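So the chains spell out like this:
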Amino acid sequence: MALTWLKKQVQDLKDQHLYNNILTIESAIGPEIKINGKKLLNFCSNNYLGLANNPEMKKAATLAIKKYGIGPAAVRTIAGTTVLHKELEAELAKFKKAEAVITFQSGFSANIAVIPALVTEGDLIFSDELNHASIIDGCRLSKAEVIRYAHINPKDLEVKLKAADPKVKKLVITDGVFSMDGDIAPLDEIYKVSSKYGAMLMVDDAHGEGVLGESGRGIVDHFNLHGKVDVEVGTMSKAFGVVGGMAAGRTEIIEWLSQRGRPFLFSSAMTIPDVAACIAAVKILSKSGGLVKQLWKNADYLRASLKKAGFNTGTSITPIIPLMLGDSKLAQDFSHELFNEGLFAKAIVYPTVAQGKARIRIMNSAGHTKEQLDKAIKIFTKVGKKLKVI
Ligand SMILES: *Cc1c(COP(=O)(O)O)cnc(C)c1O
């Protein structure tokens with residue numbers, strides 16, 4: 001069959017400047033990376049703490065491979081649970097001061113596991129309108145009815161909870177740090193409203209893990225809501241510098257997920273090197289908050305400098321800093337110009353953000369030096385002026 005309809009769809013994306021040009025990285029992930037043989041300042045990776053190429057973690061992964069091999073060769077519930085998986089879950093629970101933790105292959109898998117395990121047809125989900133795609137997919141799989149509330153707006157959430165049938169089971173879901181804007185959900189207020197109406201509360205802290213709270217313990221720690229949020233989904237694919245997902249929270253929920261979280265039952269366990277590297281990451285964070293402090297220092301400096309230069313950084317208050325541009329062609333041109341000047345930061349366009357809200361998204365890292373930040377500010381300013389953004 002001639003797939004002309006698909007060719008046309010791809011061409012449409014290109015015509016509308018919405019086509020994702022996928023670049024290939026030829027070096028380790030760090031403050032500098034190599035693409036097409038060119039060395040670039042990297043402001044694009046979710047490598048908040050610079051752990052993606054950390055020597056202690058690499059050593060832990062190598063030693064674990066020597067002892068246990070590579071793949072688990074099974075799902076967790078059949079033969080895929082090693083002592084390392086149990087150790088990681090125990091260490092994470094201690095670190096996050098949670099009753100219990102269960103790990104998944106990724107944050108995406110965690111959302112697909114948790115949401116359908118907690119609610120089903122006839123139940124209600126209250127979801128922030130800007131929640132991550134994996135939450136949206138988890139909601140769809142659950143078959144529960146989804147009621148969207150206005151972004152980070154506990155008042156609108158309350159109006160919607162109040163209007164719902166008090167007898168129906170309810171789950172409130174919010175991102176912790178929103179990945180495209182860098183703003184933070186007011187989890188304390190969301191908790192108050194959720195508990196008032198007897199709703200369960202779930203937060204997806206993918207961008208808060210290793211970033212918010214004491215030594216990066218996450219958003220629940222940031223708001224001191226230990227024992228109050230029913231389930232906190234997280235990822236080890238961002239600040240932890242590896243790949244993996246988790247759910248932390250009430251023992252009853254974590255136990256239930258080990259029985260009915262479908263990616264836990266039907267997709268193979270995290271690999272040995274991933275698990276070992278994650279254990280090492282938790283140890284690094286538990287020992288010192290230094291990397292987290294450096295990350296925030298870098299981010300606050302960069303954000304203030306970009307604002308001073310005249311850029312609109314939206315509602316960012318975290319290490320995620322968008323440069324709001326609006327038009328997707330402008331955003332793609334901006335990214336190309338940055339690349340030519342030796343800086344890697346990608347344009348984010350529809351459908352990752354709404355139409356007309358295209359932007360450059362800058363990701364900070366504790367690994368950036370002051371010299372690298374100053375060089376970046378010069379490049380952003382030069383391109384901003386050239387494209388008449390500032
Ligand atoms: C990145 C992200 C995920 C997915 O995490 P992975 O571990 O990369 O699968 C889930 N939720 C949110 C809010 C994210 O930003």
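### A look at the packing of helix H3 (residues 83-96) against helix H11 (residues 272-287)
Two measures define how a pair of helices packs: the angle their axes make with one another and the distance between the axes. Close contact between H3 and H11 brings their axes to 9 Å; oriented N to C, the two are set at 25°. Looking at the two axes, H3 sits roughly parallel to H11. You can see that H3 and H11 cross each other, and the crossing is left-handed. Here H3 contributes Leu 84, His 85, Glu 87, Leu 88, Glu 91, Leu 92 and Phe 95 to the contact with H11, which in turn contributes Ile 272, Val 275, Cys 278, Ile 279, Val 282, Lys 283, Leu 285 and Ser 286.

### Some details on the sheet that holds strand S1 (residues 32-35)
Read across the sheet, three strands follow the order S1-S2-S11 without closing on themselves; strand pairing throughout is mixed. Of all the strands in the sheet, the pair left with one neighbour each is S1 and strand S11 (343-344). Summarising the sheet, S1 and strand S2 (residues 38-42) pair through four bridges and their orientation is antiparallel. Within S2, the position partnered with Glu 32 by the bridge is Leu 41.

### Some words on the site of the ligand
Residues in close proximity to the ligand total 15 residues, the closest being Gly 107, Asp 204, Thr 235, Ser 237 and Lys 238. Within the backbone of Gly 107, one N or O atom sits 2.7 Å away from an oxygen atom of the ligand. Protein contacts shield 86% of the accessible area of the ligand, which totals 390 Å² for the unbound molecule. Most atoms of the ligand, that is more than half of them, are within 2 Å of grid points of the largest pocket. Sorting elements by how many residues they give to the shell around the ligand places helix H4 (residues 107-118) first, with three residues.

### Considerations on the pairing of strand S10 (residues 320-326)
Note on strand geometry: in a regular strand, side chains alternate between the two faces of the sheet. The element S10 is largely enclosed, with a buried count of five among its seven residues. The sheet contact formed by S10 and strand S13 (residues 358-363) spans six bridges and is antiparallel. Paired with Pro 322 across the bridge in S13 is Arg 361.

### Digging into H4
Look at H4: 17 Å from first C-alpha to last across 12 residues, which is about the 16 Å you get at 1.5 Å a residue. Capping the start of H4, Ser 106 holds a side-chain oxygen 3.3 Å from the backbone nitrogen of Phe 108, two or three residues further along.

### Quick word on the pattern of salt bridges
Side-chain pairing between opposite charges can occur once the charged atoms of the two side chains come close. Within this structure, the stated rule accounts for 24 salt bridges. The partner of Arg 217 in a salt bridge is Glu 214, with the nearest N and O atoms 3.8 Å apart. On the accessibility criterion, Arg 217 (11% relative accessible area) is buried. Taking the shortest distance from any N to any O, the salt bridge between Asp 333 and Lys 329 comes out at 2.7 Å. Placement of the pair is Asp 333 and Lys 329 together in helix H13 (residues 328-340), with a separation of four residues, close to one helical turn. Judged by relative accessible area, which is 36%, Lys 329 ranks as partly exposed. Among the ionic contacts, a cluster of salt bridges with common partners joins Lys 97, Glu 214, Arg 217 and Asp 221.

### Description of the domain arrangement of the protein chain
In terms of domain boundaries, the protein chain breaks down into domain 1 (4-53 + 289-386) and domain 2 (70-287). In total, about 1800 Å² of surface goes out of reach between domain 1 and domain 2, with carbon and sulfur atoms giving 63% of it. Linking domain 1 with domain 2 are one salt bridge. Here Arg 359 ties to Asp 181 by a salt bridge, and the two come within 3.0 Å at their closest N and O atoms. On the surface where domain 1 and domain 2 come into contact, there are eight residue pairs in polar contact (both at pLDDT 80 or more). When residues of the side of domain 1 that touches domain 2 are traced back to their parent elements, those giving at least two are helix H12 (290-308), S10 and S13. With four residues, the top contributor of residues to the side of domain 1 that touches domain 2 is H12.

### Quick word on the environment of Lys 170
Along the chain, Lys 170 falls in strand S6 (residues 170-175). In this structure Lys 170 comes out as buried when scored by relative accessible area, which is 3%. A C-alpha to C-alpha distance of 33 Å links Lys 170 and Glu 87, two positions 83 residues apart in sequence. Apart from residues no more than four positions distant in its own chain, Lys 170 is found in contact with Leu 124, Phe 126, Leu 161, Ala 164, Asp 165, Tyr 197, Ala 199 and Met 200. Here Val 168 takes part through its backbone oxygen, which lies 3.0 Å from a polar atom of the side chain of Lys 170.

Conventions we followed
- Residues numbered from 1 in each chain as written.
- Predicted model: local features only at pLDDT ≥ 70, side-chain atom pairs only at ≥ 80, totals over all residues.
- Heavy atoms only, no water.
- Axes fitted to C-alpha atoms, helices over the stretch in contact; angles between N-to-C directions.
- Helix = DSSP H or I, 4+ residues; strand = E, 2+ residues; numbered from the N terminus.
- Parallel < 35°, antiparallel > 145°, perpendicular 65-115°, else oblique.
- Left-handed = near helix turned anticlockwise from the far one by under 90°.
- Contact = heavy atoms within 4.5 Å.
- Pairing = 2+ DSSP bridges.
- Near = heavy atom within 4 Å.
- Polar contact = N/O pair within 3.5 Å; in protein donor to acceptor, adjacent residues only side chain to side chain.
- Areas by Shrake-Rupley, 256 points an atom, 1.4 Å probe, with all protein chains shown as cover.
- 1 Å grid on protein atoms, 1.4 Å probe; cavity = no way out; pocket = protein on both sides within 12 Å on 5 of 7 lines; lining within 4 Å.
- Sits in = over half its atoms within 2 Å of the grid points.
- Buried < 20%, exposed > 50% of the residue type's maximum accessible area, 1.4 Å probe, protein only.
- Expected span 1.5 Å × (residues − 1).
- Salt bridge = Lys/Arg side-chain N within 4 Å of Asp/Glu carboxyl O.
- Domains from an automatic or database assignment.
- Buried area = accessible area lost by both parts, 1.4 Å probe.

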